[in-house]
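Below are the chains, spelled out letter by letter.
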Amino acid sequence: MRYGDGAKRYIPCLLRLAMQCPRCNHHHTQKIGLSRHKRQRWMCMGCRRTFGDKDLRLINPKTKALALAMYAEGIAARKIERLLHVSHNAVLGWVRKEVAGKALQAPTAKDLSVIEADEMWSYVGSKNSPSGCAGQ
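Residues numbered from 1 in each chain as written. Predicted model: local features only at pLDDT ≥ 70, side-chain atom pairs only at ≥ 80, totals over all residues. Heavy atoms only, no water.

Looking at an unreviewed UniProt entry, the chain carries the name Transposase, with the source organism given as Comamonas jiangduensis.

Right under this line is the structure:
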């Protein structure tokens, strides 16, 4: 914009909008461009954090629960991906997060009465030469 003296001036009030920072709830924000997915990005002038309008990665909790139930019934993660239109990586991540600390816990000695040993365990680590390119 030109003024009477011929100098160009930057008007920062055009960039300040009523977007609220999710971290500090400050209203003084500035547009700072677009994300790689062509979504508007903002920067809070209070805490200097950048953020977007909303997180589009959030999945409905009902869809997540349905995906976990389907996986528990034995349906493959890629089939769940096709049926529910969510990433198979997301499904596997939800499963890992759900069973973390619950599955594969070592039983205590008090809970065991009979122990079976498999002969395969004696084979692990007993190969003389490594396979693949490292064996040359």
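After presenting the structure, the write-up continues.
Brief notes about the side chain of histidine 88
Tracing the backbone shows histidine 88 in helix H3 (residues 88-99). A relative accessible area of 16% means that histidine 88 is categorised as buried. If we skip the residues at most four places from it in the chain, histidine 88 touches Ala77, Arg78 and Glu81. (Helix = DSSP H or I, 4+ residues; strand = E, 2+ residues; numbered from the N terminus. Buried < 20%, exposed > 50% of the residue type's maximum accessible area, 1.4 Å probe, protein only. Contact = heavy atoms within 4.5 Å.)

Some remarks on unusual backbone geometry
Positioned with a positive phi, asparagine 25 is a non-glycine residue whose angle comes to about 60°. Relative accessible area serves as the criterion here: at 47%, asparagine 25 is assigned to the partly exposed category. Here the phi dihedral of histidine 85 falls at roughly 60°; this positive angle occurs in a residue that is not glycine. Note that histidine 85 resides in the loop between helix H2 (77-84) and H3. For histidine 85, a relative accessible area of 71% translates into the label exposed.

Remarks on the packing of helix H1 (residues 61-72) against H2
Between H1 and H2, whose axes approach to 10 Å, the crossing angle comes to 145°. Relative to H2, H1 is oriented so that their crossing is right-handed. Each of Thr63, Leu66, Ala67, Met70 and Tyr71 in H1 lies in contact with H2, whose residues at this interface are Ala77, Ile80, Leu83 and Leu84. Residues that form the contact of H1 with H2 fall into these classes: eight nonpolar, one polar and no charged. (Axes fitted to C-alpha atoms, helices over the stretch in contact; angles between N-to-C directions. Left-handed = near helix turned anticlockwise from the far one by under 90°. Nonpolar A, V, L, I, M, F, W, Y, C, P; charged D, E, K, R; others polar.)

Overview of the nonpolar core
Ranked by size, the top nonpolar core spans ten residues in total: Ala67, Leu68, Met70, Ala77, Ile80, Leu84, Val86, Val91, Trp94 and Val95. Those elements that provide at least two residues to this core are H1, H2 and H3. (Core = buried A, V, L, I, M, F, W, Y, C linked by side-chain atoms within 4.5 Å.)

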